[in-house]
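# Architecture at a glance
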Amino acid sequence: MIAASRYGTRTFLCPCHHPVLSFKTSALRPPRRLSRVQNAASVGTASQASNPSNGGGAVWTDSPEPVRLPGKVPSPGQLPIPDSPLLPPAGILAKAVEMGTAKAKLPAMKCFVMAVMGGIFIGFGGALAVSVGPNCPEMAASNPGLLKILTGFNGLPFGLLLVLVCGAELFTGNVALLSTAVFNGKATVKQLAQNWSISYVGNMIGTGIVVALMCGGAVFPYQASGVLKMAMPKVGLTFKQAFLRAVLANWFVCLATWMAIGANSLISKIAGIYLAISAFVAIGLEHSVANMFIIPLAMVIGADISASTYLLKNLLPVTLGNIVGGAIGVAAFYSYVYGTLGQKAQAA
């Protein structure tokens, strides 16, 4: 007769039910898995949970189901465990609301200084973009698609990575973050307008600083043709074309910001940022802060572009389009699906 537990020791019994032979059955036992304990109600089944303090809130369990200690069920939008490699969409929204709320409360001078830094970082990315992609005439003639990929991958993704990892205020990203805070009742329209205004002016000053440094250092004499190739088509668009391209551009940029918010490692942030930003550049969309660098740089090195043409034919429609793309395409959508904006709509 054999008496055996599911895992553990297998025992052979004689007819009188006395143990004769025992041996461990660890070879039959599936490998243990480390389940993260969350402050949530118990779900599924668990055969065993030992060392509840092991690993700072982790338990070893034989069950294929995750073990959860009894407690309060997480509310919708509650952030998951801190070391999760990627937050779920509801968690990203909750973190975006938190970030937008913090930005809304920034003192004006601190916001301005960080916005200047944000413009400088985008200027750094723009400088790389105009130095690499447009200066490959052989590739442009033989493989223009590859050139678009190269131009998209080198430059502006680097600038946004600096903004999000090193910390700075970027107008286009703040469009989504401040809108998210407003839609979820954590910031006011006045705070939104103040942050947008300060970050916009600061970004323009920051990109101007990079233009001045690059031109003062004679960095661009041999790359002037590449700068002109990027700048001139931008001022040749109609108002409608520039506006719609800008809607799409900041949709991409704010999705890149969204993915970076949800990622908890530098590699993950890089992947999300580079994929989305290189896509919008390769497609040929319009980003207001990037244009604050590219078009003034072209004007300084001799492009036939007047200030009124730059401001009215490009910067104005592109800024308006960027606002629509970030505030509606990202902030409003996710606030409706996962936030209080949708709850208010349903209650009405």
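Refer to the structure printed above.
First things first, this report covers the structure right here in the doc. (Residues numbered from 1 in each chain as written. Predicted model: local features only at pLDDT ≥ 70, side-chain atom pairs only at ≥ 80, totals over all residues. Heavy atoms only, no water.)

### A closer look at the environment of L285
Under the convention used in this document: Numbered from the N terminus, helices here are DSSP runs of H or I no shorter than four residues, and strands are runs of E no shorter than two. Working definition: with a 1.4 Å probe on protein chains only, accessible area under 20% of the residue-type maximum means buried, over 50% means exposed, and in between means partly exposed. Here, residues are in contact when the closest pair of their heavy atoms is within 4.5 Å.
Along the chain, the position of L285 falls in the loop between α10 (266–283) and α11 (288–300). Taking the relative accessible area as the measure of exposure, L285 reaches 9% and is therefore buried. For L285, the contacting residues outside a window of four places in its chain are K234, R245, L248, A249, F252 and F280.

### Quick word on the packing of aromatic side chains
For any two aromatic rings, the description comes down to two numbers: the centre-to-centre distance and the angle of the planes. To keep it simple, the criterion reads: Stacked, edge-to-face and tilted are the three classes for Phe, Tyr and Trp ring pairs, Trp counted by its six-membered ring, which pair at centre distances within 6.5 Å; planes under 30 degrees apart are stacked, over 60 edge-to-face, the rest tilted.
Going through the model one piece at a time under the given rule, you end up with 7 aromatic pairs. For the ring pair F121 and F124, a centre distance of 6.5 Å and an interplane angle of 45° mean the geometry is tilted. In this pair, F121 and F124 are both assigned in helix α2 (residues 108–132), 3 residues apart and thus about one turn of the helix distant. On the basis of relative accessibility, which here comes to 36%, the residue F124 falls in the partly exposed class.

### Quick notes on the pattern of salt bridges
The condition that has to hold: Here, a salt bridge means any Lys or Arg side-chain nitrogen found within 4 Å of an Asp or Glu carboxyl oxygen.
All told, the structure shown has 2 salt bridges when counted by the stated rule. Salt-bridge contacts for K103 lead to E169; the nearest nitrogen and oxygen are separated by 2.6 Å. Remark: E169 occurs in the loop between α5 (156–167) and α6 (171–183) and K103 occurs in helix α1 (residues 89–104); sequence separation between them is 66 residues. Between E286 and K234 there is a salt bridge whose closest N-O contact spans 3.4 Å. Linking E286 in the loop between α10 and α11 with K234 in the loop between α8 (224–231) and α9 (239–262), this pair joins segments that are 52 residues apart in sequence. The pair E286 / K234 is uniform in exposure class, with both members buried.

### Description of the side chain of S278
Formally: Polar contacts, as used here, are pairs of N or O atoms within 3.5 Å; protein pairs need one atom able to donate a hydrogen and one able to accept it. Residues neighboring in sequence count only if both atoms are side-chain atoms.
Relative to the helices and strands, S278 resides in helix α10. In this structure S278 comes out as buried when scored by relative accessible area, which is 14%. In terms of polar contacts, S278 uses its side chain to reach the backbone carbonyl oxygen of Y274, at 2.5 Å. Once residues lying within four places of it in the same chain are set aside, the contact partners of S278 are G152, F153, P157 and I273.

### Details of the nonpolar core
Definition in use: Buried Ala, Val, Leu, Ile, Met, Phe, Trp, Tyr and Cys residues that are joined via side-chain atoms within 4.5 Å together make up what is termed a nonpolar core.
L160, I277 and F280 are the most contacted members of the largest nonpolar core, which totals 54 residues. In terms of residue count, α11 provides more of this core than any other element does, 8 residues in total. Beyond its immediate sequence surroundings of up to four residues, I277 is in contact with L156, P157, L160, V253 and A256. Counting 12 residues, the second largest nonpolar core, distinct from the first, contains V97, A176, I261 and V330.

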